[in-house]
Amino acid sequence: MNAQAPIDRGKADRPIPKPGILGISPYVPGKAKADGIDHPIKLSANENILGCSPKAKAAYAAAADQMNLYPDGRSGALRAAVAERYHLEPERLVFGCGTDEIFQLINQVYLEPGDNIVQGQYGFGAYAIGARACGGEVRFAPEPDYRIDVDAVLGCVDERTRVVFIANPGNPTGTWIGAEAIGRLHAGLPPSVMLVLDGAYAEFATDPRFSEGFELARAASNVIVTHTFSKIHGLAALRVGWAYAPADAADAIDRIRLPFNTSIPAQAAALAALADTEFQARSLALVEQWRPWLVQQLGGLGLDVLPSATNFLLIRFPTTPGKTAADAEAFLASRGYLTRGVAGYGLPDHLRLTIGLEEHNRAVVELVAQFLARKAQG
Ligand SMILES: Cc1ncc(COP(=O)(O)O)c(C=O)c1O
């Protein structure tokens, strides 16, 4: 069906989705299954390979006694803890069912049909879905060298731009831009445009020139910083994300969010996870230990691996038939290792690989070596 065809929806013989909805491609998550393999190693969704904090698990289990109750819709205890940990004003925080929901809410608050958002060429898929659902146009700023280009982003902005979404570090690229570049981007934006800095992987970015943007957001009336409990805290299943927003934006978002968008077990687990700095340090240490090793080993096999500030790597494969990223994804899956093909992000020659435990990382390198050698001989 042509989603653009003009239809008088009031005269249709059945309810017809509003224009644009059927033109949206649904989000494709990383694969969780491999044919014929009972327990594949999932390195396809940038989850925390260590699981989560045992304290978070205990808090989740303890919350089972409260399943008959509605949660605190303001996530009060978690709000206070996040505010204290990050030195933020509690009333400027917004909590959501993952940061995915927060992106959706930001789009709903700011976009009318005909408005647009700007994101990087390889930007995270969730921003665009929400924007299109609001009748918004999505503009992709070229990312030369697989990195956000401030001038390219600014070049996409016009008087109908309402939001600029920057994942920093980016997914699926893993690259980042520094505080200076973010400052220049913000300075170049009209004050009417909301700049969203998505810090889903910020805890893995250890370069001192990296900034999450809280200082910028504190003083600006048009900057939102988002964070998630899905990555370093390992609570992706529970769906908790938060945003630090200007007070009027936080107020607007709170007006339209579902009243109980984070559950009691999720709030309790997130609260315990936030306090477990030992687990966070362990998660970061694992990534810091194996990230350079994987880059070096895979690079040694002749593959281009982008420098990453995240818990994953983006790896470029040859275009030779039999050696492509899709072939490598299938080969690894057949041996029980799930990686993420990113053709849907416009990167058909790349695979995204979540950094695993030592045995996973060693096995992946060995399998990739076999894959490349096999095809070279074959
Ligand atoms: C860049 C980026 N932002 C946000 C998210 C979503 O996080 P959440 O689980 O909080 O919805 C992801 C998840 O993969 C991501 O890669």
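Above this text sits the structure in question.
Residues numbered from 1 in each chain as written. Predicted model: local features only at pLDDT ≥ 70, side-chain atom pairs only at ≥ 80, totals over all residues. Heavy atoms only, no water.

Student: Run through the overall build of the chain, naming residues and quoting values.
Tutor: Regarding its fold elements, the chain presents 12 helices and 13 strands. Over its C-alpha trace the chain gives a radius of gyration of 21 Å, about what one expects of a compact globule, namely 21 Å for 378 residues. Over its C-alpha atoms, taken along the principal directions, the chain stretches across nearly 60 × 55 × 50 Å. The buried share of the chain, taken over its 378 residues, is 52%. When the accessible surface of the chain is split by element, carbon and sulfur atoms take 55% of a total near 17,000 Å². For the chain, the distance from the average position of its 35 positive side-chain charges to the average position of its 40 negative side-chain charges is 4 Å. (Helix = DSSP H or I, 4+ residues; strand = E, 2+ residues; numbered from the N terminus. Rg over C-alpha atoms; globule rule 2.2 N^0.38 Å. Buried < 20%, exposed > 50% of the residue type's maximum accessible area, 1.4 Å probe, protein only. Areas by Shrake-Rupley, 256 points an atom, 1.4 Å probe, with all protein chains shown as cover. Lys, Arg positive; Asp, Glu negative; His and termini not counted. Charge placed at Lys NZ, Arg CZ, Asp CG, Glu CD.)

Student: Lay out the site of the ligand in plain terms, naming residues and giving numbers.
Tutor: Around the ligand, the surrounding shell holds 14 residues, and the nearest of these are Thr99, Asn171, Asp198, Thr228 and Ser230. Contact distances for the ligand include 2.5 Å between a nitrogen atom and a side-chain N or O atom of aspartate 198. One of the side-chain N or O atoms of tyrosine 201 is found 2.9 Å from an oxygen atom in the ligand. Considering the ligand on its own, with 390 Å² of exposed area, one finds that the protein chains cover 94% of that surface. (Near = heavy atom within 4 Å. Polar contact = N/O pair within 3.5 Å; in protein donor to acceptor, adjacent residues only side chain to side chain.)

Student: Explain the packing of helix α3 (residues 98–110) against helix α4 (residues 125–133) residue by residue, including any values.
Tutor: Running from amino to carboxyl end, α3 crosses α4 at an angle of 35 degrees, the nearest separation of the two axes being 8 Å. Where α3 crosses over α4, the two elements pack in a sense that is right-handed. Residues Asp100, Phe103, Gln104 and Asn107 of α3 touch α4, and the partners they reach there are Ala126, Tyr127, Gly130 and Ala131. (Axes fitted to C-alpha atoms, helices over the stretch in contact; angles between N-to-C directions. Left-handed = near helix turned anticlockwise from the far one by under 90°. Contact = heavy atoms within 4.5 Å.)

Student: Talk me through the sheet that holds strand β8 (residues 241–244); I want residue IDs and the actual numbers.
Tutor: Strand pairs in the sheet, formed through backbone hydrogen bonds, run parallel or antiparallel to each other. Read across the open sheet, the seven strands follow the order β2-β8-β7-β6-β5-β3-β4; overall the sheet is mixed. Only two strands of the sheet have a single partner each, and these edge strands are β2 (93–96) and β4 (137–141). Strand-to-strand twist in this sheet, taken as the mean axis angle between neighbours without regard to direction, amounts to 20 degrees. Pairing of β2 with β8 involves four bridges; the strand directions are antiparallel. Within the sheet, the bridge partner assigned to valine 94 lies in β8 and is alanine 243. Across the sheet, helix α2 (residues 76–86) is in contact with β2, β7 (223–228) and β8; its angle to β2 comes to roughly 125 degrees. In this fold α4 packs onto β3 (116–120), β4, β5 (161–167) and β6 (194–198), with an angle of close to 170 degrees to the strand it touches most, β3. (Pairing = 2+ DSSP bridges.)

Student: Quick rundown of the pairing of β8? Include the residues and the values.
Tutor: Of the two faces of β8, both are covered, the one formed by Gly241 and Ala243 as well as the one formed by Trp242 and Tyr244. Both β7 and β8 contribute to a ladder of four bridges, which runs antiparallel. Its bridge partner being in β8, valine 225 is matched across the sheet by tyrosine 244.

Student: Just give me the short version of the environment of threonine 99, but keep the residues and values in it.
Tutor: If you trace the backbone, threonine 99 turns up in helix α3. Measuring from C-alpha to C-alpha, the distance between threonine 99 and threonine 226 comes to 6.8 Å, with 127 residues separating the pair along the chain. Discounting chain neighbours no more than four positions away, the residues touching threonine 99 are Thr226, His227, Thr228, Gly241 and Trp242.

Student: Help me get a handle on empty space enclosed by the protein, residues and values and all.
Tutor: Applying the stated criterion across every chain, the model contains five cavities of 30 Å³ or more. A volume near 110 Å³ is recorded for the largest cavity. Looking at the lining of the largest cavity, the elements with two or more residues in it are β3 and β5. Counting residues per element, the lining of the largest cavity draws most heavily on β5, which supplies three residues. Residues belonging to the lining of the largest cavity are distributed by class as follows: nine nonpolar, eight polar and two charged. A volume near 60 Å³ is recorded for the second largest cavity. Considering the residues around the second largest cavity, the lining is formed by Glu47, Asn48, Ile49, Leu50, Phe204, Ser283, Leu286, Val287, Asn311, Thr354 and Ile355. No other element matches the three residues that helix α10 (residues 277–300) contributes to the lining of the second largest cavity. (1 Å grid on protein atoms, 1.4 Å probe; cavity = no way out; pocket = protein on both sides within 12 Å on 5 of 7 lines; lining within 4 Å. Points joined across faces, edges and corners; volume = space filled by probe spheres on them. Nonpolar A, V, L, I, M, F, W, Y, C, P; charged D, E, K, R; others polar.)

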